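Structure at a glance
Residue-level listing of the chains:
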Amino acid sequence: MAYFFEFEADFVDSLRCIPMQMRCKLDTCGIKLKLSDWNQMTTAERQALVELPCTTETEIQSYREHIQELILQRTGIATTKLPIEPHPAWLDSAIVPASIQEKAEEIGVTMTQQHWAALTPLQRFALIKLSRPGHENKNFPKAIAEFHLL
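The notes below deal with the structure included here. This is a predicted model, so every value here is computed, not measured.

Another aspect to go through is the pattern of salt bridges. Scanning all chains against the criterion turns up four salt bridges. One salt bridge connects Lys129 with Asp27, and the closest N-O pair in it is separated by 2.7 Å. With Lys129 in helix H7 (residues 121–130) and Asp27 in helix H1 (residues 20–29), this residue pair connects regions lying 102 residues apart in the sequence. When the shortest N-O distance is used, the salt bridge between Glu45 and Arg74 registers 2.4 Å.

Next up, the structure:
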């Protein structure tokens, strides 16, 4: 099932940008996907990628193969592989990453371990991505508000 955050509302109808759930799947299967490659796909192909499961080892392998084939068909260029984090921070509800605490403090929010643990893995993933140095962080405060962390 496709799930989109409210802070993604300006682009989810067309899927012109890569939604967080898709970014999470890419990190899970170790594929780097450029926005230009994403936009080479049809809307139906993008929607299918959003909806395909990518949780179990079998699903992850199948997903990886599918997206590699699709990108090669659309662009003529093989995908770039990324290292897969064996213990991703978004799956660890016990430890709030320092980048999250720092970014939250910048906007006057204290992120406690209880707050972090109450979030879904996808919400934690989104906050991690939105707090990265060098990333356009305009959606971080929106995500904090959407996740009721104010």
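With respect to the secondary-structure elements, Phe147 resides in the segment after helix H8 (139–146). Owing to a relative accessible area of 7%, Phe147 belongs among the buried residues under this scheme. Phe147 sits 102 residues away from Glu45 along the chain, and the two C-alpha atoms are 29 Å apart.

By convention here, two paired aromatic rings are described through the distance between centres and the angle between planes. Per the counting criterion, the structure on display carries four aromatic pairs. Plain terms: the ring middles of Phe7 and Phe147 are 6.5 Å apart, the flat faces sit at 65° to each other, and that makes the pair edge-to-face. Here Phe147 lies in the segment after H8 and Phe7 lies in the segment before H1, a separation of 140 residues in the sequence. Accessibility classification places Phe7 together with Phe147 in one group, the buried group. An aromatic cluster is present here, built from Phe5, Phe7 and Phe147 joined pairwise through their rings.

On to the side chain of Asp37, then. Counting through the fold element by element, Asp37 comes out in helix H2 (residues 35–38). For the buried residue Asp37, which engages in no salt bridge, the nearest side chain bearing the opposite charge is Lys34, 4.7 Å off. When neighbours within four sequence positions are excluded, Asp37 is seen to be in contact with Ile71 and Thr75.

Here we take up a positive patch on the surface. On the surface, Arg23, Lys32, Lys34 and Arg132 cluster together into a positively charged patch. Within the fold, Lys32 resides in strand E1 (residues 31–32). Take Lys32: its relative accessible area is 45%, and that puts it in the partly exposed class.

If you look at the biggest cluster of nonpolar residues, it comprises 23 residues, and the most contacted ones within it are Phe7, Met111, Leu127 and Phe147. When contributions to this core are tallied by element, the ones reaching two or more residues are H1, helix H5 (98–106), H7 and H8. Here this core takes six residues from H7, the largest share from any one element. Setting aside its immediate chain neighbours within four residues, Leu127 contacts Ile100, Met111, Trp116, Leu119, Phe140, Ala143, Ile144, Phe147 and Leu149. Formed by 17 residues, the second largest nonpolar core is a distinct cluster that contains Met22, Ile31, Leu49 and Cys54.

Of the positions making up H8, those classed as buried are Asn139, Phe140, Ala143, Ile144 and Glu146. Looking down the long axis of H8, one finds its buried residues gathered within 165° of arc, a one-sided arrangement. In this structure, the buried side of H8 is in contact with H5 and H7. Positive phi appears at His148, one or two residues downstream of H8, with a value of about 60°.

All right, on to the environment of Glu45 then. Its place among the elements puts Glu45 in helix H3 (residues 43–51). Accessibility expressed as a relative area gives 17% for Glu45, which makes it buried. Here the alpha-carbon distance between Glu45 and Gln73, two residues 28 residues apart in the chain, equals 12 Å. Setting aside its immediate chain neighbours within four residues, Glu45 contacts Leu70 and Arg74. Within the local environment of Glu45, its side chain forms a polar contact with the backbone nitrogen of Thr42, the two atoms lying 2.9 Å apart.

The rules behind each value
- Residues numbered from 1 in each chain as written.
- Predicted model: local features only at pLDDT ≥ 70, side-chain atom pairs only at ≥ 80, totals over all residues.
- Heavy atoms only, no water.
- Salt bridge = Lys/Arg side-chain N within 4 Å of Asp/Glu carboxyl O.
- Helix = DSSP H or I, 4+ residues; strand = E, 2+ residues; numbered from the N terminus.
- Buried < 20%, exposed > 50% of the residue type's maximum accessible area, 1.4 Å probe, protein only.
- Phe/Tyr/Trp six-rings, centres within 6.5 Å; stacked < 30°, edge-to-face > 60°.
- Lys, Arg positive; Asp, Glu negative; His and termini not counted.
- Contact = heavy atoms within 4.5 Å.
- Patch = residues over 30% accessible without salt bridge, like charges linked within 9 Å, V, L, I, M, F, W, Y side chains within 5 Å.
- Areas by Shrake-Rupley, 256 points an atom, 1.4 Å probe, with all protein chains shown as cover.
- Charge placed at Lys NZ, Arg CZ, Asp CG, Glu CD.
- Core = buried A, V, L, I, M, F, W, Y, C linked by side-chain atoms within 4.5 Å.
- Arc of directions from axis to C-beta.
- Polar contact = N/O pair within 3.5 Å; in protein donor to acceptor, adjacent residues only side chain to side chain.

Everything listed here is a matter of coordinates, which is why it stays silent on function.
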